[in-house]
Amino acid sequence: MMAVDVGGTFTDVVAVSDGTIRTAKVSTDVQQVDRGVVAGAAELGVADATVFNHASTHGLNAIITRSLPKIGFLTTAGHRDIPDIGRSWRPVAALTDPSWRRSFGDAARPLVPRYLRRGITERIRADGEIHVALDEAQAREQLGVLRRCNVQGVAICLLNAYTNDVHERRLRELVGEELGDLPVSLSSEISPLAKEYARASTTLVDVFMKIIYDDYTHRLDAGLRGLGFAGQLNFADCTANLIPAADAMEAPFRVVFAGPAAGTVGSAHFGRLIGEPNLLCADIGGTSCDISLVTHGEPFVNTTFELEHDLIVNALSNDISSIGAGGGSLVAVSPSGDITVGPGSAGADPGPACYGRGGQQPTMTDICLLAGLLDPHGFAGGKMVLDQQLATRAFERLDTPLTFEHRVRYAWDIGLNNIAEGIFNIAIKQGIDPRDYALVAFGAAGPLLLPALADLVNVKRVVVPPHPGLFSALGLLSADQAYGLSQSAYTLLEPGNADAVAALFESMEARLRRRLGTQTDVAIERAFDGQLVGQTWETPFVPVPAGPITAATIEQMVENFHQAYAERNGNRFANIPVQGVTYRLRAVVPTDKVAYAELPERSGAPLRPVGTSVLRFVADAEELAQVYARDDLCAGDEIRGPAIVREALSTTYITQNQIARVGRFGEIGIERIR
């Protein structure tokens, strides 16, 4: 089995064979991302792999940076400003800022400029009846505008199309006649859900992903096949469940946020092995820190997520909070003279100053090098040599009267506090007590930074899993293959509507069975999103009993809703009728998962350090830290800080007031000395 997690700075590839885990880390080629993937696959020998699981931030980065193709947007006449209007929500930080503007409206960085958003004369009512027939002549005129503008794809989102898709399907035919064979996405197919804005933004993202990933997928597949790979190529979705590549490209909006989700799934799988069901997961790479939550062994899943503030995608996703805090986070001086860290990043090119690739600003990586935490000759598995003099000069160039020592120390403290604030915020958001949770530290910089802030967030302990620098890629080998469908249909849940609900589920299951193909012996789970009549927002993932949908089933669905509502909101309103909004099906095909070898217990000579390092800037005084090699660790070993544990693609820092204990699967559990 092989998997790859493509990040903005590095591409991580892992291979698992006969219980042995092998890893490769290569720089991401931002101009042609598949090159790094194929290079890593070649290094590990992909010819013998049966599956190759893929997650990437390639499409996400294209949206964030607006490196997007030109597409057209067709909607009902009078509603072409749906993408600009959005939900008219403001982030908390902007509630009192009169100058705040949405980041993707026409006033700033539009996904689709207004002249490419065309109104079509037609109207479907909320009950699915045709109120105004499609004016095909007028539609052809609008398509003529898009043809003259040389669009590369078209997104179609008509009002109430989720109840009746006849006009959207006809418009797709007209696009083919007028514009040729372009990528086209229909909201009624990829996101047949209520609420026009979220459906429209999801459809737009889907078209972008089709254009971005189509050529990429073909190049990647050809590159892997050229290396002798004959297995199944899978893409991970936003919950890190696996989808065959061909199926994923039918609705690629589902893979836009797959990379961060893989780490959450990998953490949940590893947590089950070590008996830690409650986890705060923090993946710190070169650019960002992705924070997520696992409770009772399961990731917290949302029905939608935001790529930017108010840029909604209607896809199931692990709830992940990303902050601009990583090894490449830039250290700067604000106009008021304060030291700042992030959210800007040096990225892979030019990278931190110590890389010697032209970077002029200091970063967190430069701090760790100057502090004595990083081995300048062992970085990235020995593939890079870090230059301490360049890191020193970068800090000396900062325009501040602070001494050199204070510049580095303050930047270290601020960088840690930025990450701690992000972790604490997600704990508050989900209403959990961090003292009941272990903090999983992964990503190349996670084990380096997170133990030092354990006391700031007051977690039970910090867990550094095996191969933390490539743990998200390992997460892709911990996931199941899953298929899902959802459909909105506002239905009052009362016994008389049992046949309507049954017909909807039967239609959805028939579509899902067609997607499953020969995999017929698969259990299908049913659920629905419901609301109290009169409410605007839904309570998601309410379970639906197995078996035929009868009047008794409807009564149980209502009871399940009230129970889920009470657990989520703390109140129960049993006298208010319940309305089903969105109905969901999910089929899971179990797959082989990565197995972590158990470490032997130590016998004979005790664990000995391989060296020492003088630590500066990370404590009130210089400290002498013992340095250990992770390959030398055995189950049951204990290491008292200050200490450093080095491995090929990561470094773990154990502070002076901490003790680390090695578990049976090679995990390093770090706790405060009591």
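Provided above is the structure to which this section pertains.
All of these numbers come straight from a predicted model, not from anything done at the bench.

What follows deals with the overall build of the protein chain. On a plain count of helices and strands, the protein chain comes out with 17 helices and 35 strands. Its C-alpha atoms give the protein chain a radius of gyration of 26 Å, within 12% of the compact-globule value 26 Å for 674 residues. Viewed in the frame of its principal axes, the protein chain has a C-alpha envelope of about 80 × 55 × 55 Å. Counting across all 674 residues of the protein chain, residues that qualify as buried make up 56%. For the protein chain, restricting intrachain contacts to residue pairs at least 6 apart in sequence, the fraction spanning at least 24 positions comes to 67%. Accessible surface for the protein chain amounts to roughly 27,400 Å². Of this, 50% is attributable to carbon and sulfur atoms. With 59 positive and 78 negative side-chain charges, the protein chain shows a separation of 3 Å between the mean positions of the two kinds.

Next up on the list: the pattern of salt bridges. Summed over the entire model, instances satisfying the criterion amount to 37 salt bridges. The shortest N-O distance in the salt bridge between Lys-195 and Glu-538 comes to 2.9 Å. With Lys-195 in the loop between helix H6 (187-190) and helix H7 (196-226) and Glu-538 in the loop between strand E26 (524-532) and strand E27 (539-543), this residue pair connects regions lying 343 residues apart in the sequence. By relative accessible area, Glu-538 is classed as partly exposed at 26%. Residues Glu-622 and Arg-616 are paired through a salt bridge, measuring 3.2 Å at the closest nitrogen-oxygen approach. Residues participating in the shared-partner salt-bridge network are Glu-136, Arg-140, Arg-147, Arg-170, Glu-173, Glu-177 and Glu-178.

What follows deals with the environment of Glu-559. Considering the arrangement of structural elements, one finds Glu-559 in helix H17 (residues 551-569). Between the C-alpha atom of Glu-559 and that of Asp-214, which follows or precedes it by 345 residues, the distance is 45 Å.

Spatial strand order, E29-E30-E32-E33: four strands in an open sheet with mixed pairing. Here the strands that pair on one side only, and so sit at the sheet edges, are strand E29 (611-615) and strand E33 (650-654). Within the sheet, the average angular offset between the axes of one strand and its neighbour, ignoring direction, is 30 degrees. Across five bridges, the pairing between strand E32 (residues 643-647) and E33 is antiparallel. Looking at the pairing, Val-645 lines up with Thr-652 of E33.

Taken together, Leu-492, Val-533, Phe-573 and Ile-576 make up a surface patch of nonpolar side chains, about 290 Å² in accessible area. In this structure, Val-533 sits in the loop between E26 and E27.

Summed over all chains, the structure comprises 16 aromatic pairs. Aromatic pair Phe-257 and Phe-305: ring centres 5.5 Å apart, planes at 20 degrees, arrangement stacked. Taken together, the residues span a long stretch of sequence, with Phe-257 in the loop between helix H8 (245-248) and helix H9 (258-274) and Phe-305 in strand E17 (residues 305-308) at a distance of 48 residues. For the pair formed by Phe-257 and Phe-305, the shared burial category is buried. Joined through ring pairs, the aromatic side chains of Phe-270, Phe-442, Phe-471 and Tyr-596 make up one cluster. Positioned over the ring face of Phe-505 is Arg-526, at 5.5 Å from the centre of the ring.

Our focus in this paragraph is the pairing of strand E14 (residues 289-295). Counting buried residues in E14 gives six out of seven residues, a clear majority hidden from the surface. When strand E13 (residues 279-284) meets E14, the two strands line up antiparallel, connected through six bridges. Across the sheet, the residue bridging to Leu-280 is Leu-293, located in E14. Here E13 folds back onto E14 in antiparallel fashion, the turn holding four residues.

Under the counting rule described, the total for this entry stands at zero disulfides. In this model Cys-157 remains outside any disulfide bridge; the closest cysteine sulfur is found in Cys-238, 19 Å from its own. Cysteine Cys-354 is unpaired, with the sulfur of Cys-368 as its nearest cysteine sulfur at 9.4 Å. With a relative accessible area of 0%, Cys-354 lands in the buried category.

This next bit is on the packing of helix H10 (residues 364-371) against helix H11 (residues 388-396). The N-to-C vectors of H10 and H11 enclose an angle of 120 degrees; their axes lie 9 Å apart at closest approach. Accordingly, the angle class assigned to the pair H10 and H11 is oblique. Our pair here, H10 against H11, has a crossing hand that is left-handed. In this structure, H10 uses Asp-366, Ile-367, Leu-369 and Leu-370 to contact H11, whose residues at the interface are Gln-388, Ala-391, Thr-392 and Phe-395.

How each quantity is defined
- Residues numbered from 1 in each chain as written.
- Predicted model: local features only at pLDDT ≥ 70, side-chain atom pairs only at ≥ 80, totals over all residues.
- Heavy atoms only, no water.
- Helix = DSSP H or I, 4+ residues; strand = E, 2+ residues; numbered from the N terminus.
- Rg over C-alpha atoms; globule rule 2.2 N^0.38 Å.
- Buried < 20%, exposed > 50% of the residue type's maximum accessible area, 1.4 Å probe, protein only.
- Contact = heavy atoms within 4.5 Å.
- Areas by Shrake-Rupley, 256 points an atom, 1.4 Å probe, with all protein chains shown as cover.
- Lys, Arg positive; Asp, Glu negative; His and termini not counted.
- Charge placed at Lys NZ, Arg CZ, Asp CG, Glu CD.
- Salt bridge = Lys/Arg side-chain N within 4 Å of Asp/Glu carboxyl O.
- Pairing = 2+ DSSP bridges.
- Axes fitted to C-alpha atoms, helices over the stretch in contact; angles between N-to-C directions.
- Patch = residues over 30% accessible without salt bridge, like charges linked within 9 Å, V, L, I, M, F, W, Y side chains within 5 Å.
- Phe/Tyr/Trp six-rings, centres within 6.5 Å; stacked < 30°, edge-to-face > 60°.
- Lys NZ or Arg CZ within 6 Å of the ring centre and 35° of its normal.
- Disulfide = S-S within 2.5 Å.
- Parallel < 35°, antiparallel > 145°, perpendicular 65-115°, else oblique.
- Left-handed = near helix turned anticlockwise from the far one by under 90°.

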